[in-house]
Amino acid sequence: MYLAEGIPTILIGIVTLFVLTDRPEQAKFLTQDEKAWLGRTLAAERKAKEEVRTFTMWESMIDPKVLLLSVNYLGIVTASLGMLFFIPQIIKSIGVTSNMAVGWLTMVPYICGGVGLIVWGAISDRMNERRWNLLIACIVSTLGLVIAGLTMGTWWALVGMSIAAVGFYGSKGPFWAMPPMFLTGTAAAASIAWINSIGNLGGFFGPWYVGIMKDATGSFSGGLYGLALLGLIAALICAFALHIPAARVVPVSPSGAAEPAGD
């Protein structure tokens, strides 16, 4: 299983080195006009952000907005991995005894999460809105965990976990679009790495907490309720503290001239 999952990942990583370019002018699939327009547009966006404020690498890592994003992501990752690590055992608690059947059923929340990742990201892009999409995703994940906790031991628990997975994965598109809304260059790279490092601590705390609660209460419900609380905290951070206004960018036409900005 490790080889089946690992070898394609390594091969795709090698291909990515040659296919994924660093800058638009290096992209072979773009025309010269497209490269020029995209380069001017990215430069205009960067200038608009830097006119508001230019962050150094260290300033970005202690900026309140970055720290709030880190706490939000820690809550999402802790709740996500706390649930996902125990899906096979929760499915077995429903009464499924075949390991093969457990494996197939374990795919269901991940498939739902994959669909949520793509669809929610597309909706967020179409709306050009991040904060409230992230908030709703956190609420969906919280509700899914509560449903799973309330219906533990029944098939509805699998439904609840699938709903939660939609929220967990659906949050990723809006979330990771937020740091570049106010950071550029090295500051953006450092803050994204910092947020990711803090958030991934949830890979330890989530499964540990659910396991402790399962041993203490004899049921996964208590652990899922605790994870739901973390999802709720992440949602509250979005609702009341995570306001990141987008820098106003003057649109650039393909000819290079500035277009009149809309309302």
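Structure: see above.
As the structure is a prediction and not an experimental result, all values here were calculated from the model. (Residues numbered from 1 in each chain as written. Predicted model: local features only at pLDDT ≥ 70, side-chain atom pairs only at ≥ 80, totals over all residues. Heavy atoms only, no water.)

**Student:** What is the right way to look at the overall build of the protein chain in this model?
**Tutor:** Across its full length, the protein chain holds 12 helices and zero strands. When its C-alpha atoms are laid out on the principal axes, the protein chain stretches across 65 × 40 × 35 Å. Within the span of the protein chain, comprising 263 residues, buried residues form 39% of the whole. As displayed, the protein chain has an accessible area near 14,900 Å², and 70% of this comes from carbon and sulfur atoms. The distance from the centre of the 16 positive side-chain charges to the centre of the 15 negative ones in the protein chain is 3 Å. (Helix = DSSP H or I, 4+ residues; strand = E, 2+ residues; numbered from the N terminus. Buried < 20%, exposed > 50% of the residue type's maximum accessible area, 1.4 Å probe, protein only. Areas by Shrake-Rupley, 256 points an atom, 1.4 Å probe, with all protein chains shown as cover. Lys, Arg positive; Asp, Glu negative; His and termini not counted. Charge placed at Lys NZ, Arg CZ, Asp CG, Glu CD.)

**Student:** What is the right way to look at the packing of aromatic side chains in this model?
**Tutor:** One pass over the full model with this rule turns up seven aromatic pairs. Their ring planes at 75° and their centres at 6.1 Å tell us that Phe55 and Phe182 sit as a pair that is edge-to-face. In this pair, Phe55 is assigned in the loop between helix H2 (32-52) and helix H3 (57-62) and Phe182 in the loop between helix H9 (172-176) and helix H10 (185-199), connecting sequence segments 127 residues apart. No difference in accessibility class separates Phe55 from Phe182, as the two residues are buried. (Phe/Tyr/Trp six-rings, centres within 6.5 Å; stacked < 30°, edge-to-face > 60°.)

**Student:** Looking at this structure, how should I read the layout of surface pockets?
**Tutor:** Rolled over the atoms, a probe with the dimensions of a water molecule shows which regions are left empty. For the second largest pocket, the calculated volume is near 330 Å³. Around the second largest pocket, the lining comprises 15 residues; the ones closest to its centre are Leu42, Glu45, Arg46, Lys49 and Gly185. If you list the elements that add at least two residues to the lining of the second largest pocket, you get H2 and H10. Taken together, the residues of the lining of the second largest pocket sort by class into six nonpolar, three polar and six charged. (1 Å grid on protein atoms, 1.4 Å probe; cavity = no way out; pocket = protein on both sides within 12 Å on 5 of 7 lines; lining within 4 Å. Points joined across faces, edges and corners; volume = space filled by probe spheres on them. Nonpolar A, V, L, I, M, F, W, Y, C, P; charged D, E, K, R; others polar.)

**Student:** Is there a simple way to think about unusual backbone geometry in this case?
**Tutor:** Peptide bonds are mostly trans, and most non-glycine residues show a negative phi. One non-glycine residue, Asn128, lies in the positive phi region at around 55°. Here Asn128 shows up in the loop between helix H6 (99-127) and helix H7 (131-150). Looking at Asn128, the relative accessible area reads 63%, which means it is exposed.

**Student:** Help me understand a nonpolar patch on the surface in this model?
**Tutor:** A contiguous nonpolar patch, built from Met100, Trp104, Met107, Ile111, Val115, Leu117, Ile118, Val119, Ile123 and Met127 and spanning about 1,000 Å² of accessible area, is present on the exposed surface. Mapped onto the secondary structure, Met107 falls in helix H6. Exposure remark for Met107: the relative accessible area of 38% places this residue in the partly exposed category. (Patch = residues over 30% accessible without salt bridge, like charges linked within 9 Å, V, L, I, M, F, W, Y side chains within 5 Å. Salt bridge = Lys/Arg side-chain N within 4 Å of Asp/Glu carboxyl O.)

**Student:** Mind showing me how you'd approach the pattern of salt bridges here?
**Tutor:** Once their charged atoms are close, side chains differing in charge can pair, the charge on each being opposite to the other. In the structure shown here, the tally under the stated rule is two salt bridges. Between Lys65 and Asp63 there is a salt bridge whose closest N-O contact spans 3.6 Å. Taking relative accessible area as the criterion, Asp63 reaches 5% and is therefore assigned buried. Among the salt bridges present, the one from Asp125 reaches Arg130, with a minimum N-O distance of 2.8 Å. With relative accessibility at 15%, the residue Arg130 sits in the buried group.

**Student:** Got a minute to help me understand the packing of H6 against H7 in this structure?
**Tutor:** For any two helices packed against each other, one specifies the crossing angle of their axes together with the interaxial distance. Look at H6 against H7: their axes get within 11 Å of each other, and the N-to-C directions meet at 155°. Comparing the axis directions of H6 and H7 gives the class roughly antiparallel. Of the two possible hands of crossing, H6 and H7 adopt the one that is right-handed. Together, Trp120, Ile123, Ser124 and Met127 of H6 and Asn133, Ile136, Ala137 and Val140 of H7 make up the contact between the two elements. (Axes fitted to C-alpha atoms, helices over the stretch in contact; angles between N-to-C directions. Parallel < 35°, antiparallel > 145°, perpendicular 65-115°, else oblique. Left-handed = near helix turned anticlockwise from the far one by under 90°. Contact = heavy atoms within 4.5 Å.)

**Student:** For this particular structure, what's the right way to read H7?
**Tutor:** A turn of α-helix holds 3.6 residues, and therefore any two residues three or four places apart point the same way. The end-to-end C-alpha separation of H7 is 29 Å, in line with the 28 Å expected for 20 residues at 1.5 Å each. Within the span of H7, buried status applies to Arg131, Asn133, Leu134, Leu135, Ala137, Cys138, Ser141, Thr142, Gly144, Leu145, Ala148 and Gly149. Those residues of H7 hidden inside the fold are in contact with helix H4 (64-84), H6, helix H8 (156-170), H9 and helix H12 (221-240). (Expected span 1.5 Å × (residues − 1).)

**Student:** When you look at the nonpolar core in this model, what are you seeing that I'm missing?
**Tutor:** Among the nonpolar cores identified, the biggest contains 45 residues, and Leu69, Met83, Leu134, Leu145, Leu224 and Leu242 are the most heavily contacted of them. When residues of this core are traced back to their parent elements, those giving at least two are H4, helix H5 (87-94), H7, H8, H10 and H12. Ranked by the residues each element gives to this core, the list is headed by H4, at eight residues. Once residues within four sequence positions are removed from consideration, Met83 is found in contact with Leu145, Met161, Ala164, Ala165, Phe168, Leu224 and Leu227. (Core = buried A, V, L, I, M, F, W, Y, C linked by side-chain atoms within 4.5 Å.)

**Student:** How do you make sense of the packing of helix H11 (residues 202-217) against H12 when you look at a structure like this?
**Tutor:** Running from N to C, H11 and H12 point in directions that differ by 145°, and their axes come no closer than 7 Å. Handedness of the crossing formed by H11 with H12: right-handed. Note on element contacts: H12 touches H11 through Gly222, Gly223, Gly226 and Leu227, opposite Tyr209, Val210 and Met213. Residues belonging to the contact of H11 with H12 are distributed by class as follows: four nonpolar, three polar and no charged.

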